[in-house]
Amino acid sequence: MDVPAARVVYPEDDRSAVADAVTEILATGAMTLGPRTERFEAAFADAHEVPYAVAVTSGTAALEIALRITEVAGRDVVVPANTFYATAAAVLHAGGRPVFADVAADTFALSAATLEAALTPATAAVLLVHIGGLITPEVDAIRRLCDDRGIQLIEDAAHAHGCSYDGRFAGSFGAAGAFSFYATKVTTCGEGGMLVTASDRLRDEARIYRDQGKGSFLTNHHVRQGYSWRLSEVHAAIGEVHLRRLKEFIETRREVADRYHVALAGLPGLQPLAEPPGCRSNYYKYMVLLPEGVDRALFKSEMRERFGVRLPGEVYDLPLHHQPVLAAYADGPLPVAEDVCARHVCLPVHSDMRDDEVDQVLSALSAVHADLIN
Ligand SMILES: *Cc1c(COP(=O)(O)O)cnc(C)c1O
């Protein structure tokens, strides 16, 4: 049996709960911006110990809304080079200029130093990405740097459902945090997003932006250049039911990660990204650096062809300043981001991963390690 790269875990009981919810939504005709959305928002805010959450159509929408509220148009926004295209695309859609920054090798995230090197007199905002579910321990230093310069810190927490640092959850460090419920994320509703914030003003603005910039639900006065960013009630129901599993999913994923840590300690040359003290990752991704000179494509194909272990996609293989469509914003080399993008692989982690699947990954790893690395 193959170990798949990823698996959507939506248990039977949850599927019936969603079926009941859909029946109710269709019977009542409350299809959008209704009680299911409010419940999903309240539950998500609760799970992250933040005061407010505003449900939207995607993680990209949540980022764009946070950036529009910050009025980044015509100004610079710092984006780490090793993130998903959407992080930079949201800046462009909001009228800003992405400025790509390097990252620290031990967290794959911005550090205060790499951020400082990317600041310009026109910097309006910084997008801190919790890559793979890891919140950098420099998050407080980064926040201080932003506060000192009057720059807005926004978290791209698309990977970071339920992650914490120092007991504080993803989404609580910046002025706003953007989560995604795209099908691959730790909890999903197929397509969807959530903006979280502690600010009444940002919450109110986000509600205006997501509904075509209307000043209020009942009027036809458009006070902002919003968009059709409302989440449907059906999506909210799917997301809310799935969210109830978040704690148990993270526990399972962390148990898998623990087994990987132990085994990798005996495979010199394969270097897992360690979880720094105080960090609690959801292991959206389990990242491992290969030694220099090892052919990643060959490593992955050996794992797949000989052992049936499919490795999920990297986070990410091509840094943003090397993406063709973003070439106009590339400005010089970013050596650490380039190196980690080129050299890491991600091991499969599923929210219901079984011990025999972990065993299969580990025996594949040790065989491929013996062939390609030792
Ligand atoms: C998935 C993802 C997004 C975008 O989320 P969508 O819901 O697909 O729009 C943004 N940033 C990162 C880092 C992501 O992984």
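Parameters and conventions
- Residues numbered from 1 in each chain as written.
- Predicted model: local features only at pLDDT ≥ 70, side-chain atom pairs only at ≥ 80, totals over all residues.
- Heavy atoms only, no water.
- Helix = DSSP H or I, 4+ residues; strand = E, 2+ residues; numbered from the N terminus.
- Rg over C-alpha atoms; globule rule 2.2 N^0.38 Å.
- Buried < 20%, exposed > 50% of the residue type's maximum accessible area, 1.4 Å probe, protein only.
- Lys, Arg positive; Asp, Glu negative; His and termini not counted.
- Charge placed at Lys NZ, Arg CZ, Asp CG, Glu CD.
- Polar contact = N/O pair within 3.5 Å; in protein donor to acceptor, adjacent residues only side chain to side chain.
- Contact = heavy atoms within 4.5 Å.
- Patch = residues over 30% accessible without salt bridge, like charges linked within 9 Å, V, L, I, M, F, W, Y side chains within 5 Å.
- Areas by Shrake-Rupley, 256 points an atom, 1.4 Å probe, with all protein chains shown as cover.
- Salt bridge = Lys/Arg side-chain N within 4 Å of Asp/Glu carboxyl O.
- Near = heavy atom within 4 Å.
- Nonpolar A, V, L, I, M, F, W, Y, C, P; charged D, E, K, R; others polar.
- Pairing = 2+ DSSP bridges.
- Axes fitted to C-alpha atoms, helices over the stretch in contact; angles between N-to-C directions.
- Domains from an automatic or database assignment.
- Buried area = accessible area lost by both parts, 1.4 Å probe.
- Right-handed = clockwise from strand over helix to strand, strands pointing away.

**Q** Teacher, can you tell me more about the overall build of the chain here?
**A** Tallying secondary structure elements over the chain gives 12 helices and 13 strands in all. Here the C-alpha atoms of the chain give a radius of gyration of 21 Å, agreeing with the 21 Å that 2.2 N^0.38 yields for 374 residues. In terms of overall dimensions, the chain has C-alpha extents of about 70 × 55 × 35 Å along its principal axes. Burial status across the chain gives 55% buried among its 374 residues. For the chain, the centre of its 34 positive side-chain charges and the centre of its 50 negative side-chain charges are spaced 4 Å apart.

**Q** Is there a simple way to explain the side chain of Thr 70 in this structure?
**A** Topologically, Thr 70 is positioned in the loop between α3 (59-69) and β2 (76-80). Overall, the relative accessible area of 12% leaves Thr 70 in the buried class. There is a polar contact of 2.7 Å between the side chain of Thr 70 and the backbone oxygen of Ala 66. Not counting residues within four places of it along the chain, the set of residues in contact with Thr 70 comprises Arg 75, Ala 124, Ala 125, Gln 152 and Ile 154.

**Q** Would you mind showing me how to read a nonpolar patch on the surface here?
**A** A cluster of nonpolar residues, Phe 84, Tyr 85 and Val 325, forms a patch on the protein surface that exposes about 310 Å² of accessible area. Topologically, Val 325 is positioned in the loop between α10 (296-307) and α11 (335-343). A residue is classified by how much of its surface remains accessible, and Val 325, at 59% relative accessible area, is exposed.

**Q** Could you clarify how one ought to interpret the site of the ligand in this entry?
**A** Taken together, 15 residues lie near the ligand, and Thr 60, Asp 156, His 159, Ser 180 and Lys 185 sit nearest. Thr 60 places a side-chain nitrogen or oxygen 2.4 Å from an oxygen atom of the ligand. Note that an oxygen atom of the ligand is positioned 2.8 Å from one of the side-chain N or O atoms of His 159. Relative to its free-state accessible area of 380 Å², the ligand is covered by the protein chains to the extent of 93%. Among the elements of the structure, α3 and α4 (85-93) are those that each provide at least two residues to the shell around the ligand. Each residue belonging to the shell around the ligand can be placed in one class, and the counts come to 5 nonpolar, 8 polar and 2 charged.

**Q** Just to check I follow, could you spell out the sheet that holds strand β10 (residues 271-272) for this structure?
**A** In sheet architecture, strand pairing relies on hydrogen bonds along the backbone and comes in two forms, parallel and antiparallel. Taken together, the 3 strands give an open sheet; going across it, the order is β10-β12-β13, and neighbouring strands pair in antiparallel fashion. The outermost strands of the open sheet, each flanked by one partner alone, are β10 and β13 (344-347). Of the strands in this sheet, β10, β12 (286-289) and β13 touch helix α9 (residues 246-264), which is tilted by about 15° from β12.

**Q** Which parts of the structure should I look at to understand the domain arrangement of the chain?
**A** Note on interface size: it is often stated as the accessible area lost on association of the parts. Domain parsing of the chain yields domain 1 (12-243) and domain 2 (246-372). Taking the mean C-alpha position of each, domain 1 and domain 2 sit 25 Å from one another. Each side of the interface is counted separately: domain 1 has 41 residues, and domain 2 has 34 residues. Between domain 1 and domain 2, the buried area comes to about 3100 Å², and carbon and sulfur atoms account for 72% of it.

**Q** I keep staring at unusual backbone geometry and nothing clicks. Help me out?
**A** Generally, phi is negative for residues other than glycine and the peptide bonds are trans, each holding for most cases. The amide bond that connects Val 315 to the next residue, Tyr 316, takes the cis arrangement and shows omega of 5°. Looking at where Tyr 316 falls in the secondary structure, it is placed in the loop between α10 and α11. Unlike most non-glycine residues, Glu 49 shows phi in positive territory, near 50°. With respect to the element layout, Glu 49 can be found in the loop between α2 (35-47) and β1 (52-56). With a phi close to 60°, Gln 212 is a non-glycine residue in the positive phi region. Along the chain, the position of Gln 212 falls in the loop between α7 (200-210) and α8 (233-243). The partly exposed category is assigned to Gln 212, whose relative accessible area is 34%.

**Q** Where do I start with the side chain of Asn 282 in this structure?
**A** Among the secondary structure elements, Asn 282 is positioned in the loop between β11 (279-280) and β12. One polar contact links the side chain of Asn 282 to the main-chain amide nitrogen of Tyr 284, over a distance of 2.8 Å. Those residues in contact with Asn 282 that lie beyond four places of it in its chain are Gly 132, Gly 133, His 159, Ala 160, His 161, Cys 163, Val 186, Ile 250 and Arg 253.

**Q** Mind showing me how you'd approach the pairing of strand β5 (residues 152-156) here?
**A** Regular strands place side chains that alternate from one sheet face to the opposite one. The buried fraction of β5 is high, at 4 of 5 residues. Sheet analysis places strand β4 (residues 123-129) next to β5, joined by 5 bridges and oriented parallel. By the bridge assignment, Ala 125 is partnered in β5 with Gln 152. With helix α6 (residues 139-149) bridging β4 and its parallel neighbour β5, the resulting β-α-β unit is right-handed. The sheet contact formed by β5 and strand β8 (residues 176-180) spans 3 bridges and is parallel. Residue pairing across strands places Ile 154 opposite Ala 176, the latter belonging to β8.

**Q** I'm lost on the sheet that holds strand β6 (residues 164-165) in this one. Help?
**A** The strand order β7-β6-β11 describes an open sheet built from 3 strands, whose pairing is antiparallel. The open sheet is flanked by β7 (168-169) and β11, the only strands paired with a single partner.

**Q** Looking at this model, I keep getting lost on the pairing of β13. Mind explaining?
**A** Taking every second residue as pointing to the same face, both faces of β13 are buried, with His 344 and Cys 346 on one and Val 345 and Leu 347 on the other. Bridging between β12 and β13 involves 4 bridges; their strand directions are antiparallel. The residue bridging Met 287 from the neighbouring strand is Cys 346, located in β13.

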